[in-house]
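Structural features, examined
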Amino acid sequence: MAVRKRGAGNLVLLAVAWLVLIFLMAPVVAIIPLSFNSEPFLTYPLAGFSLRWYAAVFNSPEWMNALKSSLIVGIATVAISTPLGTLAAFALVRRKMPQAQLFMGILMLPMAMPLVVVALALYIFLTRIGLANSYTGLILAHTVLATPFVLVSVTATLAGFDFGLVRAASSLGARPWVAFRRVTLPLVMPGVATGAVFAFITSWDEVVVALFVAGPGQRTLPRQMFAGLREHLDPSIMVVATIMIVISVLLVGLGFVLRRRAARTN
Amino acid sequence: MATPAPFLSARGKLVLLALPMLLFMLLFFFIPVGSLLVRAVQDPELGAIAPNLQRELRAWDGQGTPPDSVVLALRDDLAAAQKDRRAAIVAKRAAEADPKLRPAIMDAAKASLADPQLSVQAVLNLDPVWRDAACWTRLRDVFAPFTDRYLLSALDLKRDRDTQEIVKVAPDQAIFLATLQRTLGVSLAVTLICLLLAYPLAYVVVRQGPVMQALMLTFVMLPFWTSILVRSAAWLVLLQTHGVVNETLMSLSIISEPLKLVYSRSGTILAMVHIQLPFTFLPIYSVMKSVPDSYVRAAQSLGAKPFYAFRRIYLPQTLPGVAAGCLLTFILCLGYYITPALLGGPADQLLSYYVAYYLNQEVNWSMASAVALMLLVVTLVIYTIYARFVPVLRQVEG
């Protein structure tokens, strides 16, 4: 009796869990087929299969410029935020580092800060130093948002790192730079790469700061998409959404593979 | 072999490693965000448009009628401003202090541009406002370089025009406290719904085998790493009047007319729950993974009923995860802008909306900063609680 009751309870819980999981997954999956609709409607059943909206997006100078802007800003953000975050992580994980907890809390603050507050502050600041509406300004702004992700990702990897290995290398005569390059770097590289992936995704997905800080010359994909969503909804926006989903999934998949490798090497 | 004395101590070297990021964040995050404090009480806009007028007005003591130098500065600066079509900005701002000033300023700007040699008397004769000493005093206040007007406005307060005492604004202008309340209310509702969904989900997921667990986690993580904009867009498409959800419900004869799901509070909250759920789930899940089942089994073998054992033994052990997940979700909800902008109606906008509104539509940076400060203070209070609750760093020896 008791067993059967618990079994029924578990079944109900399992059903609830799957409903929640479907709620999470369904909206993301549901919009992908809409990008293949042969008619300009965003509903099911599809009128027919067509790649016309993909052709429209890839032949549109606006969307292609937005893609170019997103790639420029994303890659530059990775290039700046990865070394900054990695170096800081190397310091903060060590017990000898004074006030590490405090610094960590302070440096992670941009992750919790409302984006419009960051966006407004940076807009006013960048205007004052003459960098509003420029690639440089947008890249600096995205670096502010992305660096904490690198920091978190690399500290997570380093928490399992044995600094005794570096001491061993030094005691065997390796100079600090050689010990770093030959011992430390290969072991923490997957963590650094994961951080770089998350830094890129942060910039790739970001819309609020881009709305405030970027000018018409730096319209990124999310910004172009936000404008499209407010003006007219058509399946070409679903094409861009699909591309963004696919790229995010591929990058996160890459991040997971790297992290698993990091876990194995440690 | 003696090693040379190190140039820097070990601690010094560590600080040096962290220095680039600390300096970068100081320069591009803490200084800009900190300057919002100054910006919210600062009013450089009018001073930039009419610098001489501001200097002369501030040099005048505000008693009686202003000296001729003030009137001449008004004439010259308004003429110059009118040339770049910026006199209207001065007129609009002055109208906040006294509506009569708006037409008077516009007329003076046009007349001064037409005739740059206008005499003091001619300017004073343009409008009765200029012969009223009280109006000049109000104009002087409008040109004050520092003001508490915006901070007061953000709290639905103002200074009385005559007595200068702090009073409440008219009920039809009181929007910010109501918006703050709505922001807190929506954030709380989203957090509670997320908790109700995430807790049982995490409870089930930790009890699955490795393969099933990986599959279920994929269902959580894939949407989690899809951009917020894309997910908001997905909900916008699905919830439209003739969107997928309404069409499905109608074809199943559950409803006869489409529900109003977009541009509504329910649509906003639905999409926010969808976006925030993984943030609530992950901390609860990771805590549950470390809670052993054996205590609950021990309690039950000692005679505790399943629900009693759950409530007294299991639940307390998972509370750190619940606190972390809920605080994180609540903090992030406070700053929502994109999702309410796309899925909410005018009455569903949160505080962030007003920051964007004052920056982009009104071009009033000081007011935008004042609203941003309100949002910042609320967020910092909860972040401080969060940072005390949740260990953010695991250190290693070396």
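Now for a look at the structure at hand. On a predicted model such as this, the values are computed, not experimentally measured, just so you know. (Residues numbered from 1 in each chain as written. Chains lettered and ligands numbered in written order. Predicted model: local features only at pLDDT ≥ 70, side-chain atom pairs only at ≥ 80, totals over all residues. Heavy atoms only, no water.)

**Looking at the overall build of chain B**
The number of helices and strands found in chain B is 19 helices and 2 strands. For chain B, buried positions account for 50% of its 398 residues. Sequence-distant contacts in chain B: of pairs separated by 6 or more residues, those separated by 24 or more amount to 69%. For chain B, the accessible area works out to roughly 19,000 Å², and carbon and sulfur atoms hold 64% of it. One finds the centroid of the 34 positive side-chain charges in chain B at a distance of 14 Å from the centroid of its 27 negative side-chain charges. (Helix = DSSP H or I, 4+ residues; strand = E, 2+ residues; numbered from the N terminus. Buried < 20%, exposed > 50% of the residue type's maximum accessible area, 1.4 Å probe, protein only. Contact = heavy atoms within 4.5 Å. Areas by Shrake-Rupley, 256 points an atom, 1.4 Å probe, with all protein chains shown as cover. Lys, Arg positive; Asp, Glu negative; His and termini not counted. Charge placed at Lys NZ, Arg CZ, Asp CG, Glu CD.)

**Side note on a nonpolar patch on the surface**
Where nonpolar side chains cluster on the molecular surface, the patch consists of Val15, Leu16, Leu19, Leu23, Leu26, Leu27 and Ile31 of chain B and spans about 560 Å² of accessible area. Mapped onto the elements, Val15 of chain B comes out in helix α1 (residues 10-41). (Patch = residues over 30% accessible without salt bridge, like charges linked within 9 Å, V, L, I, M, F, W, Y side chains within 5 Å. Salt bridge = Lys/Arg side-chain N within 4 Å of Asp/Glu carboxyl O.)

**Quick notes on the packing of aromatic side chains**
Describing an aromatic ring pair means giving the distance of the ring centres and the angle of the ring planes. Throughout the structure, instances matching the rule amount to 29 aromatic pairs over all chains. Judged by centre distance (5.9 Å) and plane angle (90°), the rings of Phe125 of chain A and Phe28 of chain B are edge-to-face. Of the two residues, Phe125 of chain A is situated in helix α6 (residues 115-128) and Phe28 of chain B in helix α1; the pairing between them involves two chains. Taken as a pair, Phe125 of chain A and Phe28 of chain B share a single burial class, namely buried. Arranged with centres 5.2 Å apart and planes meeting at 80°, the rings of Tyr357 of chain B and Tyr358 of chain B form a pair that is edge-to-face. Classification of Tyr358 of chain B by relative accessible area gives buried; the value is 13%. Feature note: the residues Phe176, Tyr353, Tyr354, Tyr357 and Tyr358 of chain B constitute an aromatic cluster, connected by ring pairs. The ring of Phe163 of chain A is capped by Arg94 of chain A, whose NZ or CZ atom sits 3.9 Å from the centre of that ring. When the ring centre of Tyr203 of chain B is taken as origin, the NZ or CZ atom of Arg207 of chain B, which lies over that ring, is 3.8 Å away. (Phe/Tyr/Trp six-rings, centres within 6.5 Å; stacked < 30°, edge-to-face > 60°. Lys NZ or Arg CZ within 6 Å of the ring centre and 35° of its normal.)

**Looking at the interface of chain B and chain A**
Opposite the 84 residues of chain B that make contact, chain A presents 86 residues. The interface formed by chain B and chain A includes 0 salt bridges. Tallying contributions element by element places α1 of chain B first for the side of chain B that touches chain A, with 20 residues. When its residues are assigned to classes, the side of chain B that touches chain A shows 63 nonpolar, 15 polar and 6 charged. (Nonpolar A, V, L, I, M, F, W, Y, C, P; charged D, E, K, R; others polar.)

**Section: unusual backbone geometry**
Residues and elements named next belong to chain B. Positive phi, normally seen in glycine, also occurs at Asp156, with a value near 60°. With relative accessibility at 7%, the residue Asp156 sits in the buried group. Positive phi outside glycine occurs at Tyr263, with the angle close to 55°. If you trace the backbone, Tyr263 turns up in the loop between α13 (244-251) and α14 (265-289).

**Things to note about the packing of helix α12 (residues 228-239) of chain B against α14 of chain B**
All names here are of chain B. Contact pair α12 / α14: the axes reach a minimum separation of 10 Å and the direction vectors enclose 140°. Here α12 lies oblique to α14, going by the angle between them. Considering how the two elements wind past one another, α12 and α14 form a crossing that is right-handed. On α14, the residues that touch Ile228, Arg231, Ser232, Trp235 and Leu239 of α12 are Gly267, Leu270, Ala271, His274 and Ile275. Its residues assigned to classes, the contact of α12 with α14 comprises 6 nonpolar, 3 polar and 1 charged. (Axes fitted to C-alpha atoms, helices over the stretch in contact; angles between N-to-C directions. Parallel < 35°, antiparallel > 145°, perpendicular 65-115°, else oblique. Left-handed = near helix turned anticlockwise from the far one by under 90°.)

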